[in-house]
Amino acid sequence: MNKQVSSKPLNAAKGVTHNVASLALFGGTPAVPPGRVTPWPAATKKHLTALAAVVESGRYHRVNHYIVANLEERLARWAGNWAVRAVGSGTAAVHIALDYYKHRGSRVLTSALNWPGAVGPISISGLEPTFVDVELNLAGIEPYTASEMLEPGVAAVLTTHLFGNNILAPNLRVAARAKDVPLIDDVCQSIAATTPIVDGAYIDSDVLALSGNGAKHLGAGELGFVLTKDMSLIEHVDQVSLASSSREGARIFSPNSQGYNYRPNVFSSAVADYRVEHLDRQLQGRRTNAATLWQGIRHLPGLLPLFDPSDKHNSVLSFPLRIVPEELGFPPGPAARDLILKLLQAEGVPVWLWLTKPVFEYLPSTRGKWSKGDFPNTMMLLDTMFYVSEIAPPNDVNVMKLYVNAFHKIWEALPNLTS
Ligand SMILES: *Cc1c(COP(=O)(O)O)cnc(C)c1O
């Protein structure tokens, strides 16, 4: 082991050429010391206080529990513009939105690079997905291709905003409006997309689906939200879900309920309510961390952002990047990404592979019906992207600098690894 380098592992100092032996994967000291990174949902005692309030309320469920009502009101105030209904999960929110528009057609346009939980509800609603490729910089639905596919029979456009990115796609929204096709936005990973993100205006959407699950911004366990200006869509929540008590508290059983049990979890709601109170600070922390990290690694060759570095409204759920294998002397395909991922993980950087297949290969209703070859951008991203997961507070810029050091250490050694 290189004694000099390992005794100063955090200092990727100028003039120090890191050789292969200094890499943690080959026995060197990790750039990020064990225990230095706080994993989301960053549990604190404050969450116990929130949970205790549910216990003290004496009621552990009910759609009209005052903790749920407070949360809906607080989130509606934070976002502005929308009425908010809490439901059981983000998936439930997507399902309810699709169910509301299912009579408009038989197909739903959505991207092939997608989350199974966003796309599964399409067939649950008796609709069929029509997959569209993504554009390479934001991993969002390719707006021009999608605009051209707005044929009769399209019941809705389901736009998934991944990693915290905002998929504004203004031309697609205008085209959909012209053809009276409803716009559904899955903002499960992009909570700030519920706020004015388009030059001070809100995105033009009929309904937003948000998740409060433990990995998302509200880090609350199991929880979701429907956000819309359409009050009959808000009422539709109870048509899909099991409504054994009305919002007003009376014991009623809706004669039209589809019987899905999409009640919000009250314990999760209590944690989410606490999180919304501190959401601006959380987002600020994520954005500052992302800016520091990107500033530190942006000049590295063969590395591209999978987000818009100039977007001040990015929700930064994670920090996605992609590798350009050819610029690093690798053949096209996943080999370069897979090696870099292993090297970074060994250095203690919390990096992960996202999905490895287009979304249609994860779902029984679409498996085998679509061909990877028709989605070149999706395939390229699946082969080259990865993401840094722990970018949220309480991790701060000092933690980000440790991540930066790890990238530098690896990039300095890469020429020796490829030769
Ligand atoms: C998490 C997520 C969902 C599903 O949310 P759950 O609350 O886990 O059901 C849907 N779409 C996207 C893009 C997500 O990230």
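The rules behind these values
Residues numbered from 1 in each chain as written. Predicted model: local features only at pLDDT ≥ 70, side-chain atom pairs only at ≥ 80, totals over all residues. Heavy atoms only, no water. Helix = DSSP H or I, 4+ residues; strand = E, 2+ residues; numbered from the N terminus. Rg over C-alpha atoms; globule rule 2.2 N^0.38 Å. Buried < 20%, exposed > 50% of the residue type's maximum accessible area, 1.4 Å probe, protein only. Near = heavy atom within 4 Å. Polar contact = N/O pair within 3.5 Å; in protein donor to acceptor, adjacent residues only side chain to side chain. Areas by Shrake-Rupley, 256 points an atom, 1.4 Å probe, with all protein chains shown as cover. Nonpolar A, V, L, I, M, F, W, Y, C, P; charged D, E, K, R; others polar. Core = buried A, V, L, I, M, F, W, Y, C linked by side-chain atoms within 4.5 Å. Contact = heavy atoms within 4.5 Å. Pairing = 2+ DSSP bridges. Axes fitted to C-alpha atoms, helices over the stretch in contact; angles between N-to-C directions. Domains from an automatic or database assignment. Buried area = accessible area lost by both parts, 1.4 Å probe. Parallel < 35°, antiparallel > 145°, perpendicular 65-115°, else oblique. Left-handed = near helix turned anticlockwise from the far one by under 90°. Phe/Tyr/Trp six-rings, centres within 6.5 Å; stacked < 30°, edge-to-face > 60°. Lys NZ or Arg CZ within 6 Å of the ring centre and 35° of its normal.

Visitor: Can you walk me through the overall build of the protein in this structure?
Guide: From N to C terminus, the protein includes 13 helices and 11 strands. Its C-alpha atoms give the protein a radius of gyration of 23 Å, near enough to 22 Å, the size a compact globule of 419 residues would have. If you line up the protein on its principal axes, its C-alpha atoms span 75 × 55 × 40 Å. The buried share among the 419 residues of the protein stands at 55%.

Visitor: What's the story with the site of the ligand in this structure? I'm lost.
Guide: Around the ligand sit 13 residues, and of these G90, T91, D186, S211 and K216 come closest. Between an oxygen atom of the ligand and a side-chain N or O atom of S211, the distance comes to 2.6 Å. Here the ligand, which alone exposes 370 Å², has 92% of that area covered by the protein. Taken together, the residues of the shell around the ligand sort by class into four nonpolar, seven polar and two charged.

Visitor: When you look at the nonpolar core in this model, what are you seeing that I'm missing?
Guide: Most often, soluble globular proteins have nonpolar side chains that are buried together. Counting residues in each nonpolar core, the largest one holds 38 residues, and the members touching the most others are I297, F319, F407 and W411. Every element with two or more residues in this core is listed here: α10 (279-297), β9 (319-323), α11 (335-346), β11 (385-388) and α13 (397-418). The greatest single-element share of this core, amounting to 11 residues, is contributed by α13. Beyond its immediate sequence surroundings of up to four residues, I297 is in contact with L303, F319, L321, V404 and F407.

Visitor: Help me out: how do you make sense of the sheet that holds β11 in this one?
Guide: Two strands in a sheet stick together by hydrogen bonds in their backbones, pointing the same way (parallel) or opposite ways (antiparallel). One open sheet holds the four strands; their spatial order is β8-β9-β11-β10, and the pairing between them is antiparallel. The open sheet has two edge strands, β8 (303-305) and β10 (351-352), and neither has a second partner. One ladder, built from three bridges, connects β8 with β9; its direction is antiparallel. The residue of β9 that forms the bridge with L304 is R322. Sheet contacts for α10: β8, β9 and β11; angle to β9, the most-contacted strand, approximately 20 degrees. Sheet strands touched by α13: β8, β9 and β11. Its angle to β11, the strand with the most contacts, is close to 145 degrees.

Visitor: Explain the domain arrangement of the protein here, please?
Guide: Quoted interface sizes are often the accessible area lost when the parts come together. The domain boundaries assigned to the protein delineate domain 1 (10-41 + 279-418) and domain 2 (45-276). The interface is formed by 39 residues belonging to domain 1 together with 42 residues belonging to domain 2. For the domain 1 face of the interface with domain 2, the top three residues by lost area are L279, L317 and W354, together amounting to 21%. Taken together, the links from domain 1 to domain 2 amount to 22 residue pairs in polar contact (both at pLDDT 80 or more). Elements that contribute at least two residues to the side of domain 1 that touches domain 2 include exactly α10, β9 and α12 (376-384).

Visitor: What should I look at first to understand the side chain of E347 in this one?
Guide: You can see E347 is positioned in the loop between α11 and β10. Within the structure, E347 has its side chain in polar contact with the backbone nitrogen of A24 (distance 2.8 Å). Not counting chain neighbours up to four residues away, the residues in contact with E347 comprise S22, L23, A24, T29, P30, A31, V32, A406, K409 and I410.

Visitor: Looking at this model, I keep getting lost on the side chain of D99. Mind explaining?
Guide: Mapped onto the elements of the fold, D99 is located in helix α4 (residues 90-101). Setting aside its immediate chain neighbours within four residues, D99 contacts S125, H236, V240 and Q258.

Visitor: I would appreciate a short explanation of the packing of helix α3 (residues 66-79) against helix α9 (residues 266-277) in the present structure.
Guide: Two measures define how a pair of helices packs: the angle their axes make with one another and the distance between the axes. For the pair α3 and α9, interaxial distance at closest approach is 9 Å and the crossing angle is 30 degrees. As judged from the angle between their axes, α3 and α9 are roughly parallel. In this structure, α3 meets α9 at a crossing whose hand is left-handed. Contacts between α3 and α9 pair I67, V68, N70, L71, R74, L75 and W78 from the former with V266, S269, A270, A272, D273, V276 and E277 from the latter.

Visitor: What is the right way to look at the sheet that holds strand β2 (residues 107-111) in this model?
Guide: Read across the sheet, seven strands follow the order β1-β7-β6-β5-β4-β2-β3 without closing on themselves; strand pairing throughout is mixed. Of all the strands in the sheet, just β1 (83-87) and β3 (128-132) have a single pairing partner and so form its edges. Averaged over all pairs of adjacent strands, the angle between strand axes in this sheet comes to 25 degrees, irrespective of strand direction. In terms of strand pairing, β2 meets strand β4 (residues 154-160) through three bridges, oriented parallel.

Visitor: Would you explain unusual backbone geometry in this entry?
Guide: Trans is the common state for peptide bonds, and a negative phi is the common state for residues other than glycine. At the junction of W40 and P41, the peptide bond is cis and its omega measures out at 20 degrees in the coordinates. With respect to the helices and strands, P41 occurs in the loop between α1 (3-7) and α2 (45-57). Following P393, the chain continues into P394 via a peptide bond in cis, with omega recorded as 10 degrees. Within the secondary structure layout, P394 lies in the loop between β11 and α13. Of note, the phi angle at A42 is positive, near 45 degrees, even though the residue is not glycine. For A42, the position within the fold is in the loop between α1 and α2.

Visitor: Would you take a moment to explain the packing of aromatic side chains for this structure?
Guide: One pair of aromatic rings is described through two measures. These are the centre distance and the angle between the planes. Across all of its chains, the model carries 14 aromatic pairs by this definition. The lysine or arginine in question, R286, covers the ring of W40, its NZ or CZ lying 4.8 Å from the ring centre. One Lys or Arg, K357, reaches over the ring of Y362 and ends 5.1 Å from the middle of that ring.

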